[in-house]
Amino acid sequence: MEEPQRIGLTKEANDYLDEILDSLNSEVEEKGLIKFDLYRLAVALGVKNGNKPSSLSNNTDNAFRVSELDTDKALFFAVKATNIQDNEEPIYRVVERLAEQGVRDFYKAYKSHSERMPWDKLLAE
Amino acid sequence: MKIHKLIINNFMPYKGKQEIEFPQHETQNVMLLFGDNMRGKTSFLNAIRWGFYGVALARHLREIPRSHLINSEATDEGDWAMSISILFEHEGRNYELNRSIEKRDNVTQPKNNSDFLEAIGLRINGTPVIGDSINNEINQVMPKEVSRFFLFDGELLQEYENLLIEESDQGKKIKEHIESVLGVPALIHARDELQVLLKDARSMQRRDAQKNDELRKYAQDQKGHEVKLKSLEDDIGELDRQRLGLQEKVDEIDDFLKNTEAVQNKKIELTRLATEKKGFEFNIKKSNNTIHVLLKTAWKNVLESSVQSITQTLKKERKGYQKSMEEASALQGEITNLRKSIDENKECNTCGQEIPESKRQPLREKLELLEKQPGRSVDYSRLTELNKNIDNLEGIRAEGEVNRIITNLEEITKIKVKLMSVENQCDDIEEEIKGFDTDEIMRKREKRERYGGQLAKTSLDMKDREDKKEENLKKQQKISQLMAKHKGSEGTLSNLRVERLQQLETVFSEGINQLRLKLKGDVESYATSAFKKLTTEKTYTGLSINQNYGLSILDENKKVIDERSAGAEQIVALSLIDGLNKTSGTKAPIVMDTPLGRLDPKHRKNILQYLPDMSEQVVLLVHEGEIHAKRDTEVFASRIGARYDIKRISATQSRIERV
């Protein structure tokens, strides 16, 4: 089981993420959020909610270097500990699938809340 | 003096001819005229004032131009004639006073007062009075100066508070009016005339002294002082002109600001709300920024809480392993010991005798049993893995980002509710003040402040020059005395003239002081008597008058009460008016416009009970917010002789109807 060096999102999810980030960053003067931030959050929320995302139907863009995305391997350890991966499946592929589903969930929530992110609902215990 | 009837024709909101009968009964002497704001209460007061004196006043005693006195609906219909007739009696004689204005034939659209022709006629007991004597006759009945204290605007009663402020310009102005009413100016004019004569006499004395070698030095000094005095008097004159000019500008702006007071207050409120709104928006932005910063690492906090249960499970598993390890170790120890006993110790360690087979057999059986027990071996690699996984998961540490995000979001929600309320208020106010040039109001306020500052400076400069003038006159008097006493100069005409005039000037100055003192005493005594009936506070023992005729309330220890309420101020002002009326000796109807605005029910009741006794005829121009048409009038119902309502016909027309 060899771990991939790069992971990413499908083109569709990537476009969603861009739209959400544009909207969020337009509200503040501070240094804006970057894709990594929401990508990691999407994975973390997937772990929290016990998501078991199915395989991706389309190829991803492999835009993120795993060593940069998960510098202390927190995502890796957390996903591994949940045991949601299929046998022999690399952990980062599960991370990728969790991110894909998480970004899509973000977008759905964003659209159903008049193009605002309902963080209170998404982060609620 | 008692008014019988007022006939108004085209005066301000009163279009066409309207007749108003005044109560004549001795005890039912109160006339009530109810009207909402902007309906024409003050215009009614002005109709009487204009009928008597040809002057209608706006705030700050500013004269209303003739073109504004004629009803605008009438002028739109081409009727440019306006008149007031007052039928009254005084000391047993009947008067019929008619005053009118009409547009000059050669003027199309009148703008200035001179575009109108004014006519005045007076009959006493049916006999016409010739033109030149009419004003004199009116002044015999009610002098124009006195009218201020009979025909007055209750909303301006608070102006009397200025009498308590030393060096207040408005206070000075009111003091002059009061002294006019009380007759002080007659003595002041006489003293001023004497001062002019004294100045001339000193010049003559100085010229005579110039001819004397021994007195020449004095004469030169005196000449210097005279030149300086002239310069100081010129300065005072110029400063006074400046002061009047500035005061006029300030009054004009005050009028404007008073008329737009409600709009200004709304504008001020709007500015306050805008600041509040900015604060809310800033706080929302700040919280949003905080949330953004927290969102960057929130993923770790989510992971941290998500893996906590997994970590617990792993730790539990590890604990199980640790326990198994301990048990396995204990079992192995026991087996080793038994084996040793069976294999090595054939003799007893204590007595050295051989242990019989029968005793060793049970040990062998026990060993067999123990060796068959499970759990003797432990999977150390799993334990290592568990340790590693636990360490990895415990390495996921965060700083409570999620809770902090939720707190900030809740804060934003709360602020947004407040923000929405503020925005709604702003919208409402903007709708209300739509159409008013609020920026112009703000500019005027700034101008008012600037002129106010200049006015204060001019007053200070004037005070400085007046002090110097007084000092100069003292020096002149001293030199004059030295010259008069000089050997050989005694008894000369110029010296005698200076001496006599100086004595006369002193007599008049002293006379003014004594008259003022007496008048103040009278005003204080009458006002105190009125005050005691009007106030609801029984510990107040009376009023104390100051140099400016300002009245202070005294407590039971005769100490001045420093702080007083708006209601108390109004009571004091009314007491002063009563004191002045009684001191002036004039008997005339009192017409009060909106006199009860700032009073609580108890004071209102006291005043309503007292007013009928203030004069033979009392006219109250009130709105229903001041006097409740039924409830409040009960306290003096027996004193009401007539009641009228001002009915609105249109925005520019009102009609007075008897109820």
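That block above? That's the structure.
In what follows, the accompanying structure is described. (Residues numbered from 1 in each chain as written. Chains lettered and ligands numbered in written order. Predicted model: local features only at pLDDT ≥ 70, side-chain atom pairs only at ≥ 80, totals over all residues.)

**Observations concerning the environment of B:L273**
Residue and element names in this part refer to chain B.
Thought 1: Relative to the helices and strands, L273 resides in helix 8 (residues 261–306).
Thought 2: Using a count of 17 C-beta atoms within 10 Å as the deciding quantity, one classes L273 as partly exposed.
Thought 3: Along the primary structure L273 and C426 are separated by 153 residues, whereas in three dimensions their C-alpha atoms are 6.9 Å apart.
Thought 4: Excluding residues within four positions of it along the chain, L273 makes contact with V422, Q425 and C426. (Helix = DSSP H or I, 4+ residues; strand = E, 2+ residues; numbered from the N terminus. Buried ≥ 20, exposed ≤ 12 C-beta atoms within 10 Å, placed from the backbone. Contact = placed C-beta atoms within 7 Å.)

**Notes on the pairing of strand 14 (residues 653–658) of chain B**
Residues and elements named next belong to chain B.
Thought 1: Of the strand pairs in this sheet, strand 13 (residues 640–650) and strand 14 are connected by six bridges, and their pairing is antiparallel. Considered in strand 14, the bridge of I646 is made with I656.
Thought 2: In sequence, strand 13 turns back onto strand 14 through a hairpin of two residues. (Pairing = 2+ DSSP bridges.)

**What to know about the interface of chain A and chain B**
Thought 1: The interface is formed by 22 residues belonging to chain A together with 24 residues belonging to chain B.
Thought 2: When residues of the side of chain A that touches chain B are traced back to their parent elements, those giving at least two are helix 2 (35–48), helix 4 (74–82) and helix 6 (119–123) of chain A.
Thought 3: At eight residues, the largest contribution of residues to the side of chain A that touches chain B is made by helix 2 of chain A.
Thought 4: Partitioned by chemical class, the residues of the side of chain A that touches chain B number 13 nonpolar, one polar and eight charged. (Nonpolar A, V, L, I, M, F, W, Y, C, P; charged D, E, K, R; others polar.)

**Digging into unusual backbone geometry**
Thought 1: The backbone of A:K73 sits at a positive phi, close to 60 degrees, despite the residue not being glycine.
Thought 2: With respect to the secondary-structure elements, A:K73 resides in the loop between helix 3 (66–69) and helix 4.
Thought 3: A positive phi angle, close to 50 degrees, is found at B:E91, a residue other than glycine.
Thought 4: Tracing the backbone through its elements, the reader meets B:E91 in the loop between strand 4 (81–90) and strand 5 (93–103).
Thought 5: B:E91 sits in the exposed class, given 8 other C-beta atoms within 10 Å.

**A closer look at the nonpolar core**
Thought 1: Ranked by size, the top nonpolar core spans 82 residues in total, and within it B:L33, B:V572 and B:L620 carry the most contacts.
Thought 2: Sort the elements by how many residues they give to this core and helix 15 (residues 566–584) of chain B lands first, with eight residues.
Thought 3: Residues in contact with B:L33, not counting those within four places in the same chain, are B:K41, B:F44, B:V619, B:L620, B:L621, B:Y644 and B:I646.
Thought 4: Counting residues in each nonpolar core, the second largest holds 47 residues, with A:L45, A:A99, B:I291 and B:V402 among its members. (Core = buried A, V, L, I, M, F, W, Y, C linked by C-beta atoms within 7 Å.)

**Considering the packing of helix 13 (residues 438–485) of chain B against helix 14 (residues 493–534) of chain B**
Residue and element names in this part refer to chain B.
Thought 1: For the pair helix 13 and helix 14, the least separation of the axes is 10 Å and the interaxial angle reads 135 degrees. The angle between the axes of helix 13 and helix 14 places the two elements in the oblique class. Judged by the sense of rotation from one axis to the other, the crossing of helix 13 with helix 14 is left-handed. Of the residues in helix 14, those in contact with Q477, S480 and A484 of helix 13 are N495, V498, E499 and Q502. (Axes fitted to C-alpha atoms, helices over the stretch in contact; angles between N-to-C directions. Parallel < 35°, antiparallel > 145°, perpendicular 65-115°, else oblique. Left-handed = near helix turned anticlockwise from the far one by under 90°.)

**Things to note about helix 6 (residues 184–210) of chain B**
All names here are of chain B.
Thought 1: The first and last C-alpha atoms of helix 6 sit 39 Å apart over 27 residues, in line with the 39 Å expected at 1.5 Å per residue.
Thought 2: L194, L198, A201, R202, Q205, R206 and A209 are the residues of helix 6 that are buried.
Thought 3: Looking at the buried residues of helix 6, the elements they touch are helix 7 (216–259), helix 13 and helix 14. (Expected span 1.5 Å × (residues − 1).)

**Concerning helix 4 of chain A**
Because each turn of an α-helix spans 3.6 residues, side chains separated by three or four positions end up pointing in the same direction.
Thought 1: Of all nine residues in helix 4 of chain A, seven are buried, a share of seventy percent or more.
Thought 2: When we look at burial in helix 4 of chain A, the residues that qualify are A:A74, A:L75, A:F77, A:A78, A:V79, A:A81 and A:T82.
Thought 3: Packed against the buried residues of helix 4 of chain A are helix 2 and helix 5 (91–112) of chain A together with helix 8, helix 9 (308–343) and helix 11 (380–394) of chain B.
Thought 4: A:N83 sits one or two positions beyond helix 4 of chain A and adopts a positive phi of about 60 degrees.

**Quick word on the pairing of strand 10 (residues 551–554) of chain B**
A regular strand carries its side chains on alternate faces of the sheet.
Residues and elements named next belong to chain B.
Thought 1: On strand 10, burial follows the alternation: L551 and I553 on one face are buried, whereas S552 and L554 on the facing-out side are not.
Thought 2: Judged from the four bridges that link them, strand 9 (residues 542–545) and strand 10 form a sheet pairing that is antiparallel. Residue pairing across strands places S544 opposite S552, the latter belonging to strand 10.

**Notes on the packing of helix 2 of chain A against helix 4 of chain A**
All names here are of chain A.
Thought 1: Two elements in contact, helix 2 and helix 4, have axes whose closest approach is 10 Å; the angle formed by their N-to-C orientations is 20 degrees. For the element pair helix 2 / helix 4, the angle class is roughly parallel. Classified by chirality, the crossing of helix 4 by helix 2 is left-handed. Listed contacts from helix 4 to R40, V43 and V47 of helix 2 are L75, A78, V79 and T82.

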